[in-house]
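# Observations on chain architecture
Residues per chain are reported as follows:
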Amino acid sequence: MQTAGRWTDVFRLAGQGEITIGRSSKSDITVRSEKASRMHTRLFPSPQGWLIEDLSSRNGTLVNGNAISEPTPLNDRDRIQVAGFSLQFVLQINHADGPVDAIPAAGTSDDQATMGLDGASITDRIRQSGYLHDVDATGQDAITATAGTDRQATSQGFQTSDLTSQLLRLAFDLAASQGPHDAVERMLDCLQDCIHYHAAGVYLIDFTVPEPQHRTLTPDALQLVATRQRSHADAGSSTYRRAAPQAMTSVIGPDGQAILARNIGGDQTLATANTQGEIEATSMILAPVRDREGHLLGVQHLFTNVNDPPLTTQDLEFVLAAGEILAESLRNLQTRGKLDRSLQKSKKQLLALRKQLSEKVQIVGNSASVKDIIEKVTLVGPTNATVLVRGESGVGKELVASAIHHASKRANGPLVCMNCAALSPSLLESELFGHEKGAFTGATDRKPGKFEAADGGTLMLDEIGEMDPEIQAKFLRVLEGHPFERVGGQASIKVDVRVVAATNRDLQQMVSEGSFRQDLFYRLHVVEVLVPPLRQRGADVVVLAHHFLQQFNAQMGRRIESISSEAEKMLLDYRWPGNIRELRNVIERAVVLNSGTRIEAKHLMLTPAAQGPQPDAELSTSNIELSLSELEQQHIQRVLRHTDGNKSRAANILGIERSTLDRKLKKFAK
């Protein structure tokens, strides 16, 4: 068949019976022209060969330019004219007249070049587009049943170079799309600009359903998400009609290919009929939307009617290329959606953690000293000033440091805490500044130090008074903004870290004794926050006890509602040598060992030996007659019993160095 001077379709008659030609979609060969009758003419075999007979059509049938009025034999190369369409009857495909490029390539069999009428409408099948892959339009995956298809332009008249530019523009447009529907609409805009189709639709899988590892898709699994129609004054209804399920199934299978079909008027396996039972489509493209890994994400469907030029192989390639670009955009949108949902989930978790953390760093108390601490934290927090926090062991110096960090502009940065008294001088230097591989025995890998870990945040150093003098010098240089090197390294490292130091020692006295650098003391002593011991905070003891009770109720699932008045009095009378840390442990033990709904005095388990001297004992004659040396020895022994023999903790409580305590114990032993 030829239309407008070019070949459009080839029909194989071998093995067929009667063949009808006409305007009706029920005709075997549909001629979309108002000049054609519904059943215009017919071809049928006879013992003498193939005959043609006009079926009383309005405009008649011509053979080699002559009107026929009775069944007429057809000879090789005869020309048939029906309503402006030209058909040539040939016994062999290479006998056909026409352009040289209309003849199938040498060596092509009749079965490859033509197909029976049951599949004659499908003229092209391709797996990949030549626009995006290094393959020819009729590459190794192509099965072409059409002769002389013009590959230089689409049905809209675009040349190859123009189409490549359109695909580039489409890729940029899809990169800015906000979702799957937006991406599909942008692609349909591109197709409408480049291809003359009557109507188009795009089907997508449901992205909200997780993809099984092995899944066989059916047409029902695809959702029609967008359609597009052109309007023609004489086109009748322009409603989009879904693709036929059988054709859709062949395209979405694991080995499915994009197909181009023409002259599909009577084939319900390729197109769906209207309400009158007629198929209006004349040609169509059905192309899968697959990503680069071969996963099917959707299907594109375009078709033309009688008033449109038929779709071409070039159109098929362009549609398939656009579909591949759409697939990558959809996959990126899917990934971005997962990341957005993960980010929102992380933000919610972060807010919950921050809320929990804010409860943990809450400074609890109503005493004047606590209000003074809160005021200082509020003032110093937003600055970058170095802060020195002083107080006995267990008063909550690390809590104050955390409050300063979370009140600063560095709240989103790391808070790194380290106890200087827990490590030897060599290990302390390595922990602070890091070390290179092989810097010392056991340094099997490079290790960043605490300063690097706290970059952009806050470094809290507890027991700063225990830092070795040699490390103090290197530490001071970093505080003054100088770079440092890892142990065993030569590369200079510069960090942005705010330092909050804490100690239970009198650093000024240590400076006088020569055990702490004076310049480092002045550098640390920009702002000092003094945290009083719990015994000096009055009723804060009860407030803190109730605060800890709520925490442990939530953690352990208990429902202890209150603390008895006798227990509160006991808490107020106790001297709390271990300060807040000890109070917290006492309340935790009372919750664990309590099966009731109230903490009684019996649950507190405060040992008299740890309560310190009572007023009556302090005034007794025997105590008054003790020498200072004997009184000192008794007090040291009581503190050691309280710390279960822990000399470091005892020295902290006594306010002396560990070495001084050792000397006194040796003296008492003589």
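Residues numbered from 1 in each chain as written. Predicted model: local features only at pLDDT ≥ 70, side-chain atom pairs only at ≥ 80, totals over all residues. Heavy atoms only, no water.

### A short note on the nonpolar core
Short version of the rule: For this analysis, a nonpolar core means a set of buried residues of the types Ala, Val, Leu, Ile, Met, Phe, Trp, Tyr and Cys, connected via side-chain atoms within 4.5 Å. Each residue is assigned to one of three classes by its accessible area relative to the maximum for its type, calculated with a 1.4 Å probe on protein chains only: buried under 20%, partly exposed between the two thresholds, exposed over 50%. In DSSP terms, a helix is any run of H or I states spanning at least four residues, a strand is any run of E spanning at least two, and both are numbered starting from the N terminus. In what follows, residue pairs with any heavy atoms lying within 4.5 Å of each other are defined as contacts.
Counting 63 residues, the largest nonpolar core has L191, I195 and M284 as the members making the most contacts within it. Ranked by residues supplied to this core, first place goes to helix α5 (residues 313-360) with 11 residues. Ignoring any residue separated from it by four or fewer positions in sequence, one finds L191 in contact with Y197, Q300, L302, F318, V319 and A322. Core analysis: the next-biggest nonpolar cluster, separate from the first, contains 30 residues, C420, L432, L479 and L507 among them.

### Here's the deal with the pattern of salt bridges
Applied cut-off: Just to be clear on terms, a salt bridge is a Lys or Arg side-chain nitrogen sitting within 4 Å of an Asp or Glu carboxyl oxygen.
Within this structure, the stated rule accounts for 25 salt bridges. The shortest N-O distance in the salt bridge between E328 and R292 comes to 3.3 Å. Taken together, the residues span a long stretch of sequence, with E328 in helix α5 and R292 in the loop between β16 (283-290) and β17 (296-304) at a distance of 36 residues. Where R390 meets E528, a salt bridge forms, and the shortest distance between an N and an O atom there is 3.7 Å. Of this pair, R390 sits in strand β18 (residues 387-390) while E528 sits in strand β22 (residues 527-530), placing them 138 residues apart in sequence. Note on R390: relative accessible area 24%, which makes it partly exposed. If you follow the salt bridges from partner to partner, you end up with E436, R446, E452 and R486 in one network.

### Focus on the packing of helix α18 (residues 628-642) against helix α20 (residues 658-669)
Relative placement of two packed helices is described by the angle separating their axes and the distance separating the axes. Heads up, the rule is: Axis lines are fitted to C-alpha atoms, over the contacting stretch for helices. Their N-to-C directions set the angle, which ranges from 0 to 180 degrees. Should the near helix be turned anticlockwise from the far one by less than a right angle, the crossing is left-handed, and should it be turned clockwise, the crossing is right-handed. When residues are sorted by character, Ala, Val, Leu, Ile, Met, Phe, Trp, Tyr, Cys and Pro go into the nonpolar class, Asp, Glu, Lys and Arg into the charged class, and all the rest, Gly among them, into the polar class.
Taken N-terminus to C-terminus, the directions of α18 and α20 make an angle of 115°; their axes are 11 Å apart at the nearest point. With respect to the hand of their crossing, α18 and α20 are arranged in left-handed fashion. Residues S629, E632, Q633, I636 and L640 of α18 form the contact with α20, whose own contacting residues are L661, K664, L665 and F668. By residue class, the composition of the contact of α18 with α20 is five nonpolar, two polar and two charged.

### Thoughts on unusual backbone geometry
Backbone geometry places N64, a non-glycine residue, at a positive phi of 55°. Locating N64 in the fold gives a position in the loop between β7 (61-63) and β8 (66-67). Judged by relative accessible area, which is 43%, N64 ranks as partly exposed. A positive phi angle is found at N579, which is not glycine, with a value near 60°.

### Comments concerning the pairing of strand β21 (residues 498-503)
Here is the rule: Strand pairing is assigned whenever DSSP detects at least two bridges linking the two strands.
Burial analysis of β21 places six of its six residues in the buried class, which makes it a mostly covered element. Both faces of β21 are covered, namely the face carrying R498, V500 and A502 and the face carrying V499, A501 and T503. Pairing between strand β20 (residues 458-462) and β21: four bridges, direction parallel. Its bridge partner being in β21, M460 is matched across the sheet by V500.

### A few points about the pairing of β18
Where β18 lies against β21, four bridges are found, and the strand directions are parallel. Each residue of the ladder has a partner; that of L388, found in β21, is A501. In this sheet, β22 lies alongside β18 in parallel orientation, the contact comprising four bridges. Its bridge partner being in β22, V389 is matched across the sheet by V529.

### Overview of the environment of R505
Filter applied, for reference: Identification of polar contacts relies on pairs of N or O atoms within 3.5 Å, with a donor-acceptor requirement for protein atoms, meaning one able to donate a hydrogen and the other able to accept it, and with residues adjacent in sequence counted only if both atoms are side-chain atoms.
Residue position: R505 is located in the loop between β21 and α11 (507-513). Since its relative accessible area comes to 10%, R505 is described here as buried. Sequence separation between R505 and R390 is 115 residues; the distance between their C-alpha atoms is 7.6 Å. Each residue touching R505, except ones within four places of it in the same chain, is listed here: R390, E466, M510 and E657. A polar side-chain atom of R505 sits 2.7 Å from a polar atom in the side chain of E466.

### Here's the deal with the confidence of the model for the protein
To be explicit about the condition: pLDDT measures how confident the predictor is about each residue, on a scale from 0 to 100.
Across the protein, pLDDT averages 81, with 83% of residues at or above 70. Mean pLDDT per element in the protein: helix α1 (residues 110-113) is the minimum at 38, and β7 is the maximum at 95. Taken together, the stretch residues 609-622 has pLDDT below 50 and engages in 12 contacts with residues farther than four places along the chain or on a different chain.

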